[in-house]
Amino acid sequence: MRKLFFAALIALMAVGLSSWRPATGADQQSKQKLVFGLAFYNLENLFDTIHAEGKNDWDFLPGGSYRWNTLKYNSKLQNMSRVLSELCMDRTKAGAAIIGVSEVENRTVLEDLLKQPSLAGRGLKVLHVESPDRRGVDCGFLYNPRLFQLEDSLYVLYIYPDATTGDEPLGFTVDANKDIHPTPLYGDTTHITRGFLTAIGRIAGERVGVIVNHWPSRGAESPARERAAMQVRKLCDALYAKYDGDIKLVIMGDLNDDPDNVSMTKWLGCKFEASKLEGPADFFNPWYYTLRKNPKLGTLMYQGKWNLFDQILISGNAVDPKYDLKKAANNQLKAADLDLSHGLTFYRHDRFVRDYLFEQEGRYKGSPLRTTAGGTWKNGYSDHLPTQIYLVKEM
């Protein structure tokens, strides 16, 4: 582990990251504070122009309802890459170490995305597993190998309960060695949907697991998202057990629920205040106060109302129990204010907001600028806004 730690440290120094920040005050004994950005973005239907066998991607073909063609596809890639290249840059010029994405058709579109001029020099890598989703949309994981060293991955399927026995499948089994084995799809596949893409690696020498999600939509019955939360919660428990607690976990994605919905509060065990965390079994969810403080601070708008479905949660073992959300919201929190004695620590959370991401006029002024709306190609971005968090470590 020490070798991995120092290898990561050397790599970070070699690229000259501005996120190295000198400590201040009484803690000024040549220590540095290194900031890492983690982000999530629903790319809203990043499809290529080629039909995938068995997938309902007909709308995104040249003869489909969107008249999707090479020009539109290339423009979509350019727009998405612009956003991804700017994520987390507000607090670290290194950009995002990790970006989870959803609503991508396949690995090819992610590779095409990383070839865009604004991203081509980043050296980002792709982790992707083809999902069984009938519409053909998947989750993906992009990472900077200089900042996040991938060690392992797994893909756990979302599996509906057995109608005859009432069993609630987990989507995986655990053997006597505590290794996790995803189970194949079975049972009711009528509304088959995305699974849970999990990446495990190292940030500054510490083991971090990231689970990228796109839970069933609000068109599905409410228990569908509660089941997704239950599966993810059990997967987190299995990861803690596998690594004997030596792992910090991040849950990110389009959860199709707001921070105060039961899927988040009951099934994931999220807490909105750091002081109420009871260990790594709890997840810190700072987004509750983001939306409740100002109902306009969401990530997507539906019928004139904002929701905050795009969340990034962090396990309790990466949170200072005295973390002050109010101070952070008022932009008064400094890394020096945090207890960093336990390693990688949650620092900040933000929506990624730029004027170009919004409608500037007309009926939908102030809502996210979509690629297509009302049958009209708008050459926009997404119906969701990205979210991002920052972790800090003292070296």
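Sequence positions are assigned chain by chain, starting from 1 and proceeding in written order. Note on the predicted model: pLDDT of at least 70 is required for a residue's local features to be given, and 80 or more for side-chain atom pairs to be given and counted; whole-chain, interface and lining totals, by contrast, use all residues. For side-chain calculations, the full set of non-hydrogen atoms in the structure is used, while hydrogens and water are omitted.

**Student:** Which parts of the structure should I look at to understand the overall build of the chain?
**Tutor:** Scanning the chain for helices and strands turns up eight helices and 20 strands. For 395 residues, the compact-globule estimate of 2.2 N^0.38 gives 21 Å, and the chain sits close to it at 20 Å. Its C-alpha atoms put the chain at 65 × 55 × 40 Å along the principal axes. Any residue under 20% of the maximum accessible area for its type is buried, any over 50% is exposed, and the rest in between are partly exposed; the area is computed with a 1.4 Å probe on protein chains only. When burial is assessed residue by residue, the chain has 56% of its 395 residues classed as buried. Accessible area of the chain: about 17,000 Å², with a carbon and sulfur share of 51%. Put simply, DSSP marks the helices as runs of H or I at least four residues long and the strands as runs of E at least two long, and each gets a number from the N terminus on. Note on method: radius of gyration uses C-alpha positions; expected globular size equals 2.2 Å times residues raised to 0.38. Here the accessible surface of atoms and residues is derived via Shrake-Rupley with a 1.4 Å probe, and residues count as covered only by protein chains that are part of the display.

**Student:** Is there a simple way to think about the pairing of strand β3 (residues 96-104) in this case?
**Tutor:** Walk down a regular strand and you will see the side chains alternate between the two sheet faces. The element β3 is extensively covered by neighbouring structure, given that nine of its nine residues are classed as buried. By the convention used here, strands pair only if DSSP detects at least 2 bridges between them. Note: strand β2 (residues 32-46) against β3, seven bridges, orientation parallel. Counted as the bridge partner of Gly 37 is Ala 96 from β3. By the criterion used throughout, a crossover qualifies as right-handed when its path from the first strand across the helix to the second strand runs clockwise, the strands pointing away from the viewer. Crossover β2 to β3 through helix α2 (residues 70-86) is right-handed. Here β3 runs beside strand β5 (residues 138-143); their pairing, made up of six bridges, is antiparallel. Paired with Ile 98 across the two strands is Tyr 143, which belongs to β5.

**Student:** It is not clear to me how the confidence of the model for the chain should be interpreted in this structure. Could you clarify?
**Tutor:** Atom-level detail of predicted coordinates should not be read off regions where pLDDT is low. Across the chain, the average pLDDT comes to 90, with 91% of residues at or above 70. Confidence drops under pLDDT 50 across residues 9-28; counting only partners more than four residues distant or on other chains, this segment forms 37 contacts. Here pLDDT means the predictor's own confidence in every residue, given as a number from 0 to 100. Only heavy atoms matter for contacts: two residues are in contact if any of them lie within 4.5 Å across the pair.

**Student:** Honestly, the nonpolar core in this entry has me stumped. Any pointers?
**Tutor:** Grouped together as the largest cluster of nonpolar side chains are 85 residues, with contacts concentrated most on Phe 141 and Tyr 323. With nine residues, the top contributor of residues to this core is β2. Look past the residues within four positions of Phe 141 in its chain and what remains in contact with it is Ile 98, Ile 99, Lys 125, Val 126, Leu 127, Phe 148, Leu 197, Ala 199, Val 210 and Val 212. What makes a nonpolar core is a set of buried Ala, Val, Leu, Ile, Met, Phe, Trp, Tyr and Cys residues whose side-chain atoms join them at distances within 4.5 Å.

**Student:** Just to check I follow, could you spell out the sheet that holds strand β16 (residues 310-315) for this structure?
**Tutor:** Where strands meet in a sheet, backbone hydrogen bonds hold them as pairs that are either parallel or antiparallel. One open sheet accounts for seven strands, arranged β6-β9-β10-β11-β16-β13-β12; its pairing is mixed. Single-partner strands in this sheet number two, and they are β6 (149-156) and β12 (270-271). With seven bridges connecting them, strand β10 (residues 206-214) and strand β11 (residues 248-254) associate as parallel partners. Paired with Val 208 across the strands is Lys 248, a residue of β11. Here an axis means a line fitted to C-alpha atoms, over the contact stretch when the element is a helix, while the angle between two N-to-C directions is reported on a 0 to 180 degree scale. Of the strands in this sheet, β6, β9 (196-203), β10, β11, β13 (283-284) and β16 are in contact with helix α5 (residues 223-242), which crosses β9 at around 35°.

**Student:** Help me understand unusual backbone geometry, please; the structure alone is not making it clear to me.
**Tutor:** Most peptide bonds adopt trans geometry, and most residues besides glycine take a negative phi value. Residues other than glycine seldom take positive phi values, yet Arg 67 does so here, at roughly 50°. Counting through the fold element by element, Arg 67 comes out in the loop between β2 and α2. Given the relative accessible area of 48%, Arg 67 is considered partly exposed. Not every positive phi belongs to a glycine, and Asp 244 is a case in point at roughly 50°. Secondary-structure assignment places Asp 244 in the loop between α5 and β11.

**Student:** Please clarify how the side chain of Ser 315 should be interpreted in this entry.
**Tutor:** If you trace the backbone, Ser 315 turns up in strand β16. Filtering out sequence-adjacent residues up to four positions away, Ser 315 remains in contact with Tyr 240, Lys 248, Leu 249, Pro 280, Asp 282 and Phe 283.

**Student:** Help me understand the environment of Trp 58, please; the structure alone is not making it clear to me.
**Tutor:** Positionally, Trp 58 belongs in the loop between β2 and α2. Taking the C-alpha atoms as reference points, Trp 58 and Trp 68, separated by ten residues in sequence, lie 9.5 Å from one another. Setting aside residues no more than four positions away along its own chain, Trp 58 makes contact with His 51 and Gly 64.

**Student:** Looking at this structure, I do not really get the pattern of salt bridges. What am I missing?
**Tutor:** Opposite charge on two side chains makes pairing possible when the charged atoms of those side chains draw close. Should a side-chain nitrogen of Lys or Arg be within 4 Å of a carboxyl oxygen of Asp or Glu, the pair is scored as a salt bridge. Taken as a whole, this structure holds 23 salt bridges when the rule is applied. Across the pair Arg 370 and Glu 44 runs a salt bridge, and its minimum N-O distance is 2.7 Å. You can see Arg 370 sitting in the loop between β17 (345-351) and β18 (372-373) and its partner Glu 44 sitting in strand β2, a full 326 residues away along the chain. Taking relative accessible area as the criterion, Arg 370 reaches 33% and is therefore assigned partly exposed. Its salt-bridge partner being Asp 383, residue Arg 370 comes within 4.0 Å of it at the nearest N-O pair. Placement of the pair is Arg 370 in the loop between β17 and β18 and Asp 383 in the loop between β19 (376-377) and β20 (387-394), with a sequence separation of 13 residues. Salt bridges sharing partners connect three or more residues here, namely Arg 82, Glu 86, Asp 90 and Arg 354.

**Student:** Just checking my understanding: could you explain α5 for this structure?
**Tutor:** Structural remark: α-helix, 3.6 residues per turn; residues separated by three or four positions point the same way. Given a helix with a known number of residues, its expected span is that number minus one, times 1.5 Å. Over its 20 residues, α5 runs 28 Å from end to end, which matches the ideal 28 Å to within 8%, given 1.5 Å per residue. With respect to burial, α5 is a largely interior element, 15 of its 20 residues being buried. One or two positions beyond α5, positive phi appears at Asp 244, with a value near 50°.

**Student:** Help me out: how do you make sense of the state of the cysteines in this one?
**Tutor:** In protein structure, a disulfide is the covalent linkage between the sulfur atoms of two cysteines. Disulfide: a pair of cysteine sulfur atoms within 2.5 Å of each other. A full pass over the atoms with the stated rule returns zero disulfides. Take Cys 88: it sits in no disulfide, and the sulfur closest to it among the cysteines is that of Cys 139, at 18 Å. Cysteine Cys 236 is unpaired, with the sulfur of Cys 270 as its nearest cysteine sulfur at 9.6 Å.

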